[in-house]
Amino acid sequence: MSDILSILYKFYIVPELESDETMATLSALYRELSPAQKEQCELLLEQCACQSFLLGVRAGAGLEQFLKN
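As a starting point, this report considers the structure included with it. Bear in mind the structure is a predicted one, so any value in this text is a computation, not a measurement.

### Overview of the overall build of the protein
- Broken down by element type, the protein carries three helices and zero strands.
- Each helix (α) and strand (β) of the protein, taken in turn from the N terminus, gives the series α-α-α.
- Radius of gyration (C-alpha) of the protein: 15 Å, far over the 11 Å computed for a compact globule of 69 residues.
- When its C-alpha atoms are laid out on the principal axes, the protein stretches across 50 × 25 × 15 Å.
- Looking at the protein as shown, the accessible area adds up to about 5600 Å², and 60% of this sits on carbon and sulfur atoms.
- A gap of 4 Å separates the mean positions of the 5 positive and 10 negative side-chain charges of the protein.

Right, dumping it as structure tokens:
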């Protein structure tokens with residue numbers, strides 16, 4: 001993952017994910033995982049969150065032409 005995505009994840013996406021509901025769900029999940037599985041789950045969450053963010057940026061850029069009218 002690029003440096004800019006890592007920075008975006010750490011300072012923008014993570015604070016958004018740290019809502020009470022999300023943290024309660026992740027906490028319940030993490031209690032059931034081994035340490036290795038927790039690490040893999042965190043990497044997966046980071047990848048999915050960054051890809052979702054990029055999808056939103058691309059969709060917004062693609063919709064710009066329709067929103068101008």
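### Digging into the packing of aromatic side chains
- In total, this model carries one aromatic pair according to the counting rule given.
- Relative to Phe53, the ring of Tyr12 lies with its centre 5.7 Å away and its plane at 65°, an arrangement referred to as edge-to-face. Here Phe53 lies in helix H3 (residues 35–67) and Tyr12 lies in helix H1 (residues 3–17), a separation of 41 residues in the sequence.

### Quick word on the packing of helix H2 (residues 20–31) against H3
- Between H2 and H3, the least distance of the axes is 10 Å, while the angle of their chain directions is 145°. When you trace H2 past H3, the crossing you get is right-handed. Taking contact as the criterion, the partners of Leu26, Leu29 and Tyr30 in H2 are, on H3, Lys38, Cys41, Glu42 and Leu45.
- Its residues placed into classes, the contact of H2 with H3 shows five nonpolar, no polar and two charged.

Definitions and limits used
- Residues numbered from 1 in each chain as written.
- Predicted model: local features only at pLDDT ≥ 70, side-chain atom pairs only at ≥ 80, totals over all residues.
- Heavy atoms only, no water.
- Helix = DSSP H or I, 4+ residues; strand = E, 2+ residues; numbered from the N terminus.
- Rg over C-alpha atoms; globule rule 2.2 N^0.38 Å.
- Areas by Shrake-Rupley, 256 points an atom, 1.4 Å probe, with all protein chains shown as cover.
- Lys, Arg positive; Asp, Glu negative; His and termini not counted.
- Charge placed at Lys NZ, Arg CZ, Asp CG, Glu CD.
- Phe/Tyr/Trp six-rings, centres within 6.5 Å; stacked < 30°, edge-to-face > 60°.
- Axes fitted to C-alpha atoms, helices over the stretch in contact; angles between N-to-C directions.
- Left-handed = near helix turned anticlockwise from the far one by under 90°.
- Contact = heavy atoms within 4.5 Å.
- Nonpolar A, V, L, I, M, F, W, Y, C, P; charged D, E, K, R; others polar.

Read these as layout, nothing more, since geometry by itself doesn't imply function.
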